[in-house]
Amino acid sequence: MFASRSECRGGPSGPPAVLAALVVFLGGVAQGGERTGVVVRNPEELKSAAFLNPGWVRVEAGEAGAVEAVLSALPPGTSALVTVEAARAGELAANFRGRVAAWQLGQRFEPSPAAAAALRRAAGAVRAADPGARIVLPPVDLGVLAITLSPERGRRGRRSRRARRAVVTRTMTRAYGAAFQVCRGAFDVAAIRLEHTASSVPERVAWLKALLAEQRAVPAGGIWATAVGGLDKRSFDGDEASIVRLPEHREVAERWQARDVAEKVSLAYAGGVEKVFYGSVISADAGDRMALVGPRGIRPAGRALARLWERVGAFVTAERLTLPAGAAGVRFVLPDQKTVMVAWAEGTPLDVEVPAPGASKVSRLPDREEEGEPVPERMTFQDGVVKVRLTRTCLLIE
């Protein structure tokens, strides 16, 4: 099993030696659950993910030797999703028959009939070579395109930039639909990349779910988010300058990253995504804002994701909370029927009432009590309702 999170805790002020603790594997540690995953390229990155206790690992390795190195280092009970070029998928699936839980045929889905036909042939080869493994479509990547745009015209009758983007989106929808139709019946799961803003996650997932259902592309419309990351500057209106100058504003920027990770993962689950694979665990570059572990230890975003998965990684259902405008949140129901909620303000702080029968504790993601900062003072529990002031820091209510 992966190492206990308490064995690996570190922070921006921790000693470089904290990374050595990440390689310790302990038996009997509960994993984050079947819905949790990380992306790795080698055994070193796999070891660095120890504090997250993921149930899955997505292996980004094109050569058989690199795949073998990661699979040989997998802790017992951890499943592997291997991403490989479609042209080589059948060969690798034959080499690793029975050792890989799922194969993903490419890094990005190309919405064209010709590319879809090639994917279908590759899926057939994988099915024949490794019949026990699931086959996953390459992830849909919408870039920065918005989904919910309506056509409009400027004063001179010309379509505005907003309208042109809407037309592109509808054109893409038709293209994706045609490609999914070609792939129908050949794949078990669809995939999506979620690396834009956290607020864009619900509409992107809903768009893909509807399209998959319409085309009956995969059974039950199953979706995995096989590339989740950030930090997207467009998530922080008016604060871009601080993110660009990360070395001068490290503490603030890293708290933003923690918020971005917690929001994206929670909203993906609430939208119906079955598994989430976080895409950048460790980096030697101090300016890499996507990595959960930096040169000096586990970053706030890493602690936030570890805590979130520790509490809700094995959830049964997830749904958006009904909150006043300006607030957002997700309710998770666990196997023992207990509920855990994640809530935050989308802009300025505001006081809200959250229905939470049985709740008795509120903490932050990441938990900053150990840094001397208490939980919100404006918080009361009364008659199954939590009255609390929400800020842009995610709160965990349980």
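Residues numbered from 1 in each chain as written. Predicted model: local features only at pLDDT ≥ 70, side-chain atom pairs only at ≥ 80, totals over all residues. Heavy atoms only, no water.

Omega for the bond connecting Leu 365 with Pro 366 falls within 30 degrees of zero, at -5°, which places this linkage in the cis form. Mapping Pro 366 onto the fold places it in the loop between strand E15 (362-365) and strand E16 (379-382). Located in the positive-phi region is Gln 337, a residue other than glycine, with phi close to 70°. If you trace the backbone, Gln 337 turns up in the loop between strand E12 (327-333) and strand E13 (339-345). Notably, Asp 383 is not glycine yet its phi reads approximately 50°, a positive angle. Looking at the element boundaries, Asp 383 is found in the loop between E16 and strand E17 (385-390). (Helix = DSSP H or I, 4+ residues; strand = E, 2+ residues; numbered from the N terminus.)

Looking at the protein chain as a whole, the pLDDT averages 81, with 76% of positions reaching at least 70. Scored below 50 in pLDDT, residues 149-157 shows 16 contacts in the model against residues more than four places distant or in partner chains. Low confidence marks residues 238-248, where pLDDT is under 50. Its contacts with residues over four positions away, or in another chain, come to 14 contacts. (pLDDT = per-residue confidence, 0-100. Contact = heavy atoms within 4.5 Å.)

Before going further, it helps to examine the packing of aromatic side chains. Tallying each qualifying case throughout the model produces 10 aromatic pairs. Taking the centre distance of 4.8 Å and the plane angle of 65° together, the rings of Tyr 269 and Phe 315 count as edge-to-face. Residue Tyr 269 is found in helix H10 (residues 250-271), and its partner Phe 315 is found in the loop between helix H11 (300-312) and strand E11 (317-320); the two are separated by 46 residues along the sequence. Each member of the pair, Tyr 269 as well as Phe 315, carries the same accessibility label: buried. Taken together, the ring pairs in this structure connect Phe 109, Tyr 176, Phe 180 and Trp 207 into an aromatic cluster. (Phe/Tyr/Trp six-rings, centres within 6.5 Å; stacked < 30°, edge-to-face > 60°. Buried < 20%, exposed > 50% of the residue type's maximum accessible area, 1.4 Å probe, protein only.)

Quick look at H11 now. With 13 residues, H11 extends 18 Å between its outermost C-alpha atoms, agreeing within 8% with the 18 Å of an ideal straight helix rising 1.5 Å per residue. The element H11 is extensively covered by neighbouring structure, given that 11 of its 13 residues are classed as buried. Those residues of H11 that fall on the buried side of the exposure criterion are Pro 300, Ala 301, Gly 302, Arg 303, Ala 304, Leu 305, Ala 306, Arg 307, Leu 308, Trp 309 and Val 312. (Expected span 1.5 Å × (residues − 1).)

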